[in-house]
Amino acid sequence: MLLAALLPSVLIALALAVHFTSTRIADIDRALVDRALLLTASLAPASEYGLFAGNSDILQTLADAALRERDVDGVVLFDRDGQVLVRAGVVRLPAPESFAGLGAPVRLESSDAHHLFAAPVFSEQAKPDPMFDDGSAELPGVSRLGAVVLQVSRAGSRQAQRELMWSAALITLGGLVLAGLLARALSDGVTAPVRSLADTVRRIEQGDFSARARTGARGILQVLEDGINRMAVTLGGTRAELERRVQDATAQLQTQKEVAEQASRAKTQFVDALLHDLSQPLMAMGLDIRTLKLRLRDAESSALLVRLERSSMKLENMRDVLLDVARLESGATQPRQTEFPLERVFDSLRHTFEAQAAEKGLVFVLHPTRLWCRSDPLLLERVLANLVSNALRYTLHGRVLIGARRVSDVSVRIEVRDSGQGIPAERLDDVFDEFVRLPGIDPGSGGRGMGLGLAIVRRLCALLDHTVSVRSRPARGSTFSVQVPRAPALASAPPEDELSGLRRLSRQRVALIDDDAALLQSLQQLLHSLGVDVIAGTSAGFVLRQLRQAGAPAFIISDYQLGPDSDGLRAVLSLRREFGEHIPALIMTGLAATRELEIELEAHGIPLVAKPVRPVVLDAVIGSLLDAADED
């Protein structure tokens, strides 16, 4: 009731305070403008003689005197040609044409910091009255000698306005406080028991079941007080029982959480160990096969090596699936967008799948394209490789076709078509889920049959912000499409020889460090076949001692895991400290979750390559590092 009585008065007081404060604020700014106009108007006739006589001393004295006026930032006097004769203080000079035709003092511009005024100086005192002249033209027969420009600061008026607002706010706040105290004093005697009960209920609601109401009231309020106190006792007992049950349940959940976390850590450690142990022999096998292909030239050995290489690539593909899943789950896979020709990715797909398609009796077609796109070339190749592998797996006869077409000026659609068994309409939404394998054909017959290929495609496309879709007709085949941003075509470099990056190290010294002796020997033999002088060892210390005798290396290749007391980064940094910080280097690893490691290595300009490293990938990485070193 008291609030209802006081509220209108409070609102009226606030409205009046706001109105009079805003009016006074406007008056303060208006007074500043009027005073500045008056000062500008008085400076103009005072400057007539000095401008007429060309006496700069008189003009400078006038300008300095005006500068001493409150809020004046600066004064500038111009001659009739718009040239500055005298300047005092700081003035933001306007363009001369902005006041060339003035007939009376005017305000040229305003900002939050200052006002700028200008007035013409005539050769006689009979000048236009600013009250009745718009300042647009000069009077006939009056000679213009120049102009006065005055800049006044708004800081003082702003300060006065702030002080006014603070004063109004404090006065209004004081009135509100006094009104509140009066209302509180009047209401205590009437509402104190009710408020005491309400406070007790609020404390009980917040969990304080020891709270008790003691108002000393009689009648119905006493009945209410007794009921509230009995409710607090009952709720306190119930809360104790619930807390005991919650503690028991929390202990059980904590135990289950620890078991789950331990299982997750064990799974991660198992996957890392498995991938690392798979990477070493697979990489050694791939390097040995590549070395043999460089050495053996007879047809029988070449055919045997082709079959051996095909089997090795199938094993690497299965390992790549596990690596993709592990890296995607850990967030280690991060795209590196760049512009490149699609033909480069198509060539890699042809090298990977042409033999596999021929083995199944399928026609494998890659339409040539001159289109360029913007994406991560390695991740996009992984997407298309999974789609092609899936198409080859579910196609018994016919063909698999890969092509690209321009959808618009900003996008390109890449399609992988097959003439396989197709996908039922009700299963189109399921094929991108994990461990989904369609019936009808043995999924394992084509290589990677774990039901993860299309799931990886969807997750990689989401990571790259590409759109993936599928359309299919049972018994007629399927078409998977990936839409990527289009990039302008650039002049491509001529095709290079096979392993051109590695061949650039011919007759140069390379430091090679890996704790796996078989992999170390395989990579050493491949480099020797290309004419590279290799200083190899299973520890950085051994290689460092050998290099001190042989000389500084031109390149460093190291495994990351070199034992409990060392790693690849320490090894590379130790060699660089000894022989030069400019030496290019790369580090290999068989670990699954490597994003943190990649970030750490990028700070030192060292790329991280996942094992098993195919010779073509190793060649490409080394070639790009050598190109960067040549540019530096």
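Now for a look at the structure at hand. Since the model is a prediction, treat every value here as computed from it, not as a measurement.

Counting its secondary structure elements, the protein contains 15 helices and 17 strands. Counted over contacts in the protein with a minimum sequence separation of 6, partners at least 24 positions apart contribute 70%.

Our focus in this paragraph is the sheet that holds strand 14 (residues 533–537). In spatial order, the strands read 14-13-15-16-17; together these 5 strands make up an open sheet with parallel pairing. Across the chains shown, the open sheet's two edge strands, defined by having one partner strand only, are strand 14 and strand 17 (608–610). Averaged over all pairs of adjacent strands, the angle between their axes in this sheet comes to 20 degrees, without regard to strand direction. Here strand 13 (residues 509–513) pairs with strand 15 (residues 555–559) via 4 bridges, running parallel. Along strand 15, the bridge assignment pairs I513 with S558. This element, helix 11 (residues 517–529), spans strand 13, strand 14, strand 15 and strand 16 (585–589) of the sheet and lies at about 175 degrees to strand 14. Helix-sheet contacts for helix 15 (residues 615–631) involve strand 15, strand 16 and strand 17, and the interaxial angle to strand 16 is about 150 degrees.

Scanning all chains against the criterion turns up 18 salt bridges. One salt bridge connects D630 with R504, and the closest N-O pair in it is separated by 2.7 Å. Of the two residues, D630 sits in helix 15 while R504 sits in the loop between helix 10 (500–503) and strand 13, which places them 126 residues apart along the sequence. Judged by relative accessible area, which is 32%, R504 ranks as partly exposed. Between D567 and R570 there is a salt bridge whose closest N-O contact spans 3.7 Å. In this structure, a network of salt bridges that share partners links the residues E241, R244, R245 and D248.

Aromatic ring pairs are reported here in terms of the distance separating the ring centres and the angle at which the planes meet. Taken as a whole and assessed by the stated rule, the structure comprises 1 aromatic pair. Centroid distance F432 to F480: 6.1 Å. Interplanar angle 80 degrees. Geometry classified as edge-to-face. Highlighted residues: F432 in the loop between strand 10 (411–418) and helix 9 (453–464) and F480 in strand 12 (residues 477–487), separated in sequence by 48 residues. Of the two residues, F432 and F480, neither departs from the other in class, the shared state being buried.

Okay, the nonpolar core next. With 41 residues, the main nonpolar core has L349, L384 and L387 as its most contacted residues. Sorting the residues of this core by element identifies helix 7 (342–359), strand 7 (363–366), helix 8 (377–393), strand 9 (399–406), strand 10, helix 9, strand 11 (467–473) and strand 12 as the ones contributing at least two each. Top element by residues in this core is helix 8. It accounts for 9 residues. Listed in part, the 27 residues of the second largest apolar core include L505, L520, M588 and L625.

What follows deals with the packing of helix 8 against helix 9. Relative orientation of the contacting elements helix 8 and helix 9 amounts to 155 degrees, with a least axis distance of 9 Å. Classified by the interaxial angle, the pair formed by helix 8 and helix 9 is roughly antiparallel. Considering only the axes of helix 8 and helix 9, their crossing is left-handed. Listed contacts from helix 9 to L379, L380, R382, V383, N386, L387 and N390 of helix 8 are G453, L454, I456, V457, L460, C461, L463 and L464. Across the contact of helix 8 with helix 9, the residue classes tally to 11 nonpolar, 3 polar and 1 charged.

Our focus in this paragraph is the pairing of strand 1 (residues 72–79). Burial analysis of strand 1 places 7 of its 8 residues in the buried class, which makes it a mostly covered element. As paired strands, strand 1 and strand 5 (residues 144–153) are joined by 7 bridges and run antiparallel to one another. Paired with V75 across the strands is L150, a residue of strand 5. Judged from the 5 bridges that link them, strand 1 and strand 2 (residues 84–89) form a sheet pairing that is antiparallel. Each residue of the ladder has a partner; that of V76, found in strand 2, is R87.

All right, on to the sheet that holds strand 3 (residues 106–110) then. A sheet is described by the order of its strands in space; here 5 strands give the open sequence 2-1-5-4-3, paired in antiparallel fashion. Every other strand in the sheet has two partners, leaving strand 2 and strand 3 as the edge strands with one partner each. Each strand axis lies, on average, 15 degrees off the axis of its neighbour in the sheet, ignoring direction. Packing against the sheet, helix 3 (residues 56–67) makes contact with strand 1 and strand 2, and its axis sits at approximately 30 degrees to strand 2.

A separate point is helix 13 (residues 568–579). In an α-helix, one turn spans 3.6 residues; hence positions three or four apart end up facing the same way. With 12 residues, helix 13 should cover 16 Å at 1.5 Å per step; its first-to-last C-alpha distance of 16 Å lies within 8% of that length. Listed in full, the buried residues belonging to helix 13 are G568, L569, A571, V572, S574, L575, R576 and F579. Immediately beyond the C-terminal end of helix 13, within one or two residues, lies G580, with a positive phi of roughly 135 degrees.

What follows concerns unusual backbone geometry. In this structure, D465 takes a positive phi of about 65 degrees despite not being glycine. With respect to the secondary-structure elements, D465 resides in the loop between helix 9 and strand 11. For A475, which is not glycine, the phi dihedral falls at a positive 70 degrees. On the secondary structure map, A475 appears in the loop between strand 11 and strand 12. A475 sits in the exposed class, given a relative accessible area of 64%.

Along the polypeptide, D71 turns up in the loop between helix 3 and strand 1. Among the polar contacts listed, one links the side chain of D71 to the side chain of R35, at a separation of 2.8 Å.

Calculation notes
Residues numbered from 1 in each chain as written. Predicted model: local features only at pLDDT ≥ 70, side-chain atom pairs only at ≥ 80, totals over all residues. Heavy atoms only, no water. Helix = DSSP H or I, 4+ residues; strand = E, 2+ residues; numbered from the N terminus. Contact = heavy atoms within 4.5 Å. Pairing = 2+ DSSP bridges. Axes fitted to C-alpha atoms, helices over the stretch in contact; angles between N-to-C directions. Salt bridge = Lys/Arg side-chain N within 4 Å of Asp/Glu carboxyl O. Buried < 20%, exposed > 50% of the residue type's maximum accessible area, 1.4 Å probe, protein only. Phe/Tyr/Trp six-rings, centres within 6.5 Å; stacked < 30°, edge-to-face > 60°. Core = buried A, V, L, I, M, F, W, Y, C linked by side-chain atoms within 4.5 Å. Parallel < 35°, antiparallel > 145°, perpendicular 65-115°, else oblique. Left-handed = near helix turned anticlockwise from the far one by under 90°. Nonpolar A, V, L, I, M, F, W, Y, C, P; charged D, E, K, R; others polar. Expected span 1.5 Å × (residues − 1). Polar contact = N/O pair within 3.5 Å; in protein donor to acceptor, adjacent residues only side chain to side chain.

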